[in-house]
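Chain by chain, the residues:
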Amino acid sequence: MEEYIVAKEEVGTRIDKYLAEKFPEQSRSYLQKLVKEQQVFVCGKPVKSNYKLRNGDSVSLTIPEPVELDIKAEPIPLDILYEDEDILIINKPKDMVVHPSAGHMSGTLVNGILYHCKGNLSGINGVLRPGIVHRIDKDTTGVLVVCKNDMAHTKISEQLKVHSITRKYNAIVYHNFAEEEGTVDAPIGRHPIDRKKMAVNEKNGKHAVTHYRVLERLKDHRYTFIECQLETGRTHQIRVHMAKIHHPLLGDTVYGPANQPYKLQGQCLHARVLGFIHPRTGEYMEFEAPLPEYFENLLKELR
């Protein structure tokens, strides 16, 4: 257990911010988790994450040793767009879960990257999500970054937090747009009744902004091919925001019509562009994943 005496200039600092400055290699969310689990003590007593340090305080905590992964590495083919000592850029296919969970302990992206990277992955996000900074849904295709070490994980997480990462998606949605482009600014949180779904939630939702523009009007203006650029990254953000403005994604039976045409497997959504500052070089890099075959074929059918 490590112990620190609060300096005069640190008085009044929130405990989570203080810890983030003391442990820059750890993510803020992980440190907040330690506070919540009562692993952080001030003057020998556990505190809440909003505690502000006082004169004479001593802060002590133990950063747990990384837990040995109990997840099987599997030789799953990966579509790798780029790789270096710090990051791995992958074009995720449809019907692939990103990280293991109940009912999905094998065949996930994590199983595949464990095999490919031979254990060289950031452990910040815990046993089930090594190297994973952000995720995309099982039926969403496209570009995803995986971090090989904690330094890369921390620096890319910081960019995600301040919304400086470029994330552009392509989607096919229902109905024609009157305008060529627009913005949906509506907070997203858990659905008040169906806890498996997300919803626009003015009371308890988190700030969420999606910018969209029309790329092509399809099938007698019954569908539209669009680009969405995320300013924030909430769960199911594009799906919820598009449904909110009455343009649900084609294939999305959760937020759109239950009966979907064209026998699609989940929502027609592709993470096409991902851009960020490289954690080691400091240079901006941008990666693009081509539209998957099913998406291209659907566009041809709808033109």
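Everything discussed here concerns the structure shown above.
Is there a simple way to think about the environment of Lys196 in this case?
When you line up the elements, Lys196 lands in the loop between strand 10 (188–190) and strand 11 (198–200). On a C-alpha basis, the gap between Lys196 and Val254 in space is 9.8 Å, while along the polypeptide they are 58 residues apart.

Would you explain the side chain of Asn170 in this entry?
Along the chain, Asn170 turns up in strand 8 (residues 166–174). A distance of 2.9 Å separates the side chain of Asn170 from the side chain of Arg272, its partner in a polar contact. Dropping the residues within four chain positions of it, Asn170 is found in contact with Leu215, Phe225, Ile226, Glu227, Cys268, Leu269, His270, Arg272, Leu291 and Phe295.

What's the story with unusual backbone geometry in this structure? I'm lost.
The general pattern is negative phi for most residues beyond glycine and trans for most peptide bonds. Even without being glycine, Cys43 reaches a positive phi, approximately 55°. Even without glycine at this site, Asp220 takes up a positive phi of about 55°. Positionally, Asp220 belongs in the loop between strand 12 (209–218) and strand 13 (223–230). Asp220 gets classed as exposed once you look at its relative accessible area, which sits at 71%.

Just checking my understanding: could you explain the sheet that holds strand 2 (residues 40–42) for this structure?
Pairing between sheet strands relies on hydrogen bonds along the backbone, with the strands arranged either parallel or antiparallel. If you trace the 4 strands from one edge of the open sheet to the other, you get 1-4-2-3, paired in antiparallel fashion. Each edge of the open sheet carries a strand with a single partner, namely strand 1 (2–5) and strand 3 (45–46). Where strand 2 meets strand 4 (residues 58–61), 3 bridges bridge the pair, whose relative direction is antiparallel. Bridge pairing in strand 4 links Val42 to Val59. The sheet contacts of helix 1 (residues 15–22) involve strand 1, strand 2 and strand 4, and relative to strand 4 the element is tilted by about 70°.

Cut-offs and rules
Counting restarts for each chain, with residues numbered from 1 along the sequence as it is written. Side-chain atom pairs in this predicted model are given and counted only at pLDDT of 80 or more, local residue features only at pLDDT of at least 70, and totals for whole chains, interfaces and linings cover all residues. Heavy atoms throughout the structure, all of them, feed into the side-chain values; hydrogens and water do not. Secondary structure is summarised from DSSP: a helix means a run of H or I of at least four residues, a strand means a run of E of at least two, and numbering begins at the N terminus for each. N or O atoms within 3.5 Å of each other form a polar contact, as long as, within protein, one can give a hydrogen and the other can take it, and as long as residues adjacent in sequence are counted only when both atoms are side-chain atoms. Only heavy atoms matter for contacts: two residues are in contact if any of them lie within 4.5 Å across the pair. Partly exposed residues are those whose accessible area sits between 20% and 50% of the maximum for their type, while under 20% is buried and over 50% is exposed, using a 1.4 Å probe and protein chains only. Between any two strands, at least two bridges found by DSSP are needed for them to pair. Every axis corresponds to a line fitted to the C-alpha atoms, with the helix fit spanning only the stretch in contact, and the corresponding angles, defined between N-to-C directions, vary from 0 to 180 degrees.

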